[in-house]
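These are the residues of each chain, in order.
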Amino acid sequence: MSTSTTVETQGLPDTQPSDPNWWRQAAVYQIYPRSFSDADGNGVGDLRGIISRVPYLQDLGIDAVWISPFYPSALADGGYDVDDYRDIDPRIGTLADFDQLVETLHAAGIRLIVDIVPNHTSDRHEWFREALRSPRGSAARDRYIFRDGGGENGEQPPSDWVSIFGGGAWSRITEPDGSPGQWYLHHFAPEQPDLNWDNREVREDFLYTLRFWSDRGVDGFRVDVAHGLAKDLPEDLHSQAELDALPKDGSHPTWDRDDVHEIYREWRQVFDEYDPPRIAVAEAWVESDRRPLYASAEGLGQAFNFDLLEADFDASQFREIVSFNLDLAKTSGSSTTWVLSNHDVVRHATRYGLTESDPEEEKAGTNWLLAGGPQAQLDAEGGLRRARAATLFELALPGSAYLYQGEELGLHEVAEIPEDQRQDPTFFRNPGVSVGRDGCRVPLPWSAQGPSFGFGDGAAHLPQPEWFRDFSVETEQTDPESTLNLYREALRLRAQLHSGESLTWLETGDPDVLAFTRPNGWTCVTTFGTGSFDLATLGAAGSVLLSSRPVEQNVLPGESTAWIR
Ligand code: NOJ
């Protein structure tokens, strides 16, 4: 494996000015901006920090970055509580910085996707403040979902609905005259009131926002909670138990309603005003057979597929998921997406290193951290070994791959965050049940030294553990066997080798070994068990281009992936 060198700057404008399909096979790198790189030393990552790391992103070989919310926010939910959709949080930068970021990324040949959060605003958004100042039944309240409470004096919430982050889904306001008032719906934290998408002004305002960022040069949007916007709430609300029992077939009162796609058809018209059309990818946690509705060309065009992220490192699960999703993508004409890690789940190196002591425990969740910390349960080396194999498997698949910052360093989840430094609302709203998502959001280690391992000049906003030193970019850069260099080489080869959008499974004769080949002969072999596999078994195998563990005399060791051609 060789260490890659800096790629020549090609830039977008001359090379692919209007390739409408750039996203179909793209490798997209997710940046959680507060935790990526801090240029001004205030402990919070910023846009100038990202600009300074564009050469790193270019060396990595990704096609696009998706930046999680950078809007003004009180950070009740890490920025997914947006105060103003058309501005930048002053701790993160300015609109001028943003323009420079677009220019710098494009000059480096990297596209930019921004996060749009349409299901809810923050409670500091000017619309919500106006709703609080305005009377019952006013136009200002109609932008949200307000209801009178039950009980003698309206002191009971309108229903017993539970929010996704825990606790009730309704919060009571104080009316302008100081009396206890109506209740508003929030599917997430109380600081995130749900918008009323039946309100025309809400719809128009988001169309305006899509144009605002598209005009500034963004290439696409990641749509938060895309399946939540449309709601049909009768006068008499269902109970939570009734809601849970209703089919999720497009007619559910709150989730994945068929009429949500009317909204996205309007968005599509905006996307298509641009050349190339702006793209969108839906974050929609829906039944898999309903995913194509979000991915259709008349709608958002692409949808996240979280199936691999939810699977064990297991050959039969992986094979079934891949075949199913490639077929599914054909029904919408979109390409499928692959995700192993993001800012909401335990990093995949850690997930694959957890012991199976409690099979009932949800691995993508964070409950494992409560039972004695990672040392008690984590096989860190094994987890990383399997993660490297899974990543090479993922990057050889047809479709686009969404990578999460830090996975290229092989980072593990950070378990050792003191309670008083945790930030995630899912920790505060579920005492003793969940430690939340901060462990995958700890600022990146760029160097082996310095107050925050090169993240910035001062302490980082979430504490970094000492072991981050061993995973820093500086440390890994010079090690040809590092995970960073594995990702660089994989992405470089992938860009050259991608062809077509199909694969053919090869029979390996071993239920723990998967092999598939792409139309141009690029073959990927993964051993999911601990046993090794003789690559000669595959007959047509050519030379090994890359592997997650060393291949000697054509023998692929256990828990590893090789690319052959
Ligand atoms: C999904 C985002 O990925 C998550 O981080 C956020 O908390 C919820 N949507 C609510 O916006």
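The model shown is predicted, which means the values in this text are computed figures rather than measured ones. (Residues numbered from 1 in each chain as written. Predicted model: local features only at pLDDT ≥ 70, side-chain atom pairs only at ≥ 80, totals over all residues. Heavy atoms only, no water.)

*Asks:* Mind showing me how you'd approach the environment of Gly-439 here?
*Replies:* Along the chain, Gly-439 falls in the loop between helix H16 (425-428) and helix H17 (473-477). Sequence separation of Gly-439 and Trp-267 is 172 residues, and the distance between their C-alpha atoms is 34 Å. Discounting residues that sit within four places of it in the chain, Gly-439 has contacts with His-412, Glu-413, Val-414, Ile-417 and Arg-422. (Helix = DSSP H or I, 4+ residues; strand = E, 2+ residues; numbered from the N terminus. Contact = heavy atoms within 4.5 Å.)

*Asks:* Is there a simple way to think about helix H12 (residues 315-332) in this case?
*Replies:* Because each turn of an α-helix spans 3.6 residues, side chains separated by three or four positions in sequence point in the same direction. In this model, H12 (18 residues) spans 27 Å end to end at C-alpha, consistent with the 26 Å of a helix rising 1.5 Å per residue. Where H12 is concerned, the buried positions are Ala-315, Phe-318, Ile-321, Val-322, Asn-325, Leu-326, Leu-328, Ala-329 and Ser-332. Just beyond H12, the residue with positive phi is Gly-333, at close to 80°. (Expected span 1.5 Å × (residues − 1). Buried < 20%, exposed > 50% of the residue type's maximum accessible area, 1.4 Å probe, protein only.)

*Asks:* Where do I start with the pattern of salt bridges in this structure?
*Replies:* Proximity of charged atoms lets side chains of opposite charge pair with each other. Evaluation of the coordinates by the stated rule reveals 37 salt bridges. Here Arg-48 ties to Asp-97 by a salt bridge, and the two come within 2.7 Å at their closest N and O atoms. With a gap of 49 residues between them, Arg-48 in helix H2 (residues 47-52) and Asp-97 in helix H4 (residues 95-107) connect regions that are remote in the sequence. As a salt-bridge pair, Asp-258 and Arg-290 come within 2.7 Å of each other at their nearest N and O atoms. Residue Asp-258 is located in the loop between helix H8 (240-245) and helix H9 (260-271), and its partner Arg-290 is located in the loop between strand S8 (279-282) and helix H10 (291-295); the two are separated by 32 residues in the primary sequence. When its relative accessible area of 41% is taken as the criterion, Asp-258 is described as partly exposed. Salt bridges sharing common partners tie together Asp-77, Asp-344, Asp-424, Arg-437 and Arg-441. (Salt bridge = Lys/Arg side-chain N within 4 Å of Asp/Glu carboxyl O.)

*Asks:* Teacher, can you tell me more about the environment of Asp-215 here?
*Replies:* Counting through the fold element by element, Asp-215 comes out in helix H7 (residues 200-215). Looking at Asp-215, its side chain comes within polar contact range of the side chain of Tyr-274, at 2.6 Å. (Polar contact = N/O pair within 3.5 Å; in protein donor to acceptor, adjacent residues only side chain to side chain.)

*Asks:* Would you take a moment to explain the site of the ligand for this structure?
*Replies:* The ligand sits among 14 residues. The nearest are Asp-77, Arg-222, Asp-224, His-343 and Asp-344. Between the ligand and Arg-222, the relevant distance is 3.0 Å, taken from an oxygen atom to a side-chain nitrogen or oxygen of the residue. Contact distances for the ligand include 2.8 Å between an oxygen atom and a side-chain N or O atom of His-343. Protein coverage of the free-state accessible area of the ligand, which is 300 Å², stands at 97%. (Near = heavy atom within 4 Å. Areas by Shrake-Rupley, 256 points an atom, 1.4 Å probe, with all protein chains shown as cover.)

*Asks:* What should I look at first to understand H4 in this one?
*Replies:* Its 13 residues place the ends of H4 18 Å apart at the C-alpha level, agreeing with the 18 Å of an ideal helix rising 1.5 Å per residue. Taken as a whole, H4 has its buried residues at Asp-97, Phe-98, Leu-101, Val-102, Leu-105 and His-106. Buried residues of H4, seen end-on, are gathered within an arc of 165° and therefore sit on one face of the element. Exposed side chains of H4 directed beyond 90 degrees from the buried face belong to Ala-96 and Glu-103. (Arc of directions from axis to C-beta.)

*Asks:* What is the right way to read unusual backbone geometry from this model?
*Replies:* With the exception of glycine, most residues fall at negative phi, and the peptide bonds are largely trans. Cis rather than trans, the peptide bond between Asp-275 and Pro-276 has omega equal to -5°. Relative to the helices and strands, Pro-276 resides in the loop between H9 and S8. Positive phi is not limited to glycine here, since Glu-559 has a value of about 50°. Turning to its location among the elements, Glu-559 is positioned in the loop between strand S17 (555-556) and strand S18 (560-564).

*Asks:* Please clarify how the pairing of strand S14 (residues 523-527) should be interpreted in this entry.
*Replies:* Strand residues, when the strand is regular, have side chains that alternate between the two faces of the sheet. For S14, the tally of buried residues reaches five of five residues, placing the bulk of the element in the interior. Residue alternation in S14 divides its side chains into two sets, Thr-523, Val-525 and Thr-527 and Cys-524 and Thr-526, and both sets are buried. One ladder, built from five bridges, connects strand S13 (residues 513-517) with S14; its direction is antiparallel. Paired with Val-513 across the two strands is Thr-527, which belongs to S14. The turn joining S13 and S14, which pair antiparallel and follow one another in sequence, is formed by five residues; a positive phi near 90° is taken by Gly-521. (Pairing = 2+ DSSP bridges.)

*Asks:* Please clarify how the sheet that holds S8 should be interpreted in this entry.
*Replies:* Hydrogen bonds between backbone atoms are what pair the strands of a sheet, whose relative direction is either parallel or antiparallel. The strand order across the open sheet formed by eight strands is S9-S8-S7-S3-S2-S1-S11-S10, and the pairing between neighbours is parallel. The sheet is open, and its two edges are formed by strand S9 (301-303) and strand S10 (337-339), each paired on a single side. Across the sheet, the mean angle separating the axes of adjacent strands is 25° when strand polarity is ignored. On top of the sheet, helix H15 (residues 380-396) reaches S10 and strand S11 (400-404); it is set at about 145° to S11, its chief contact. (Axes fitted to C-alpha atoms, helices over the stretch in contact; angles between N-to-C directions.)

Read these as layout, nothing more, since geometry by itself doesn't imply function.
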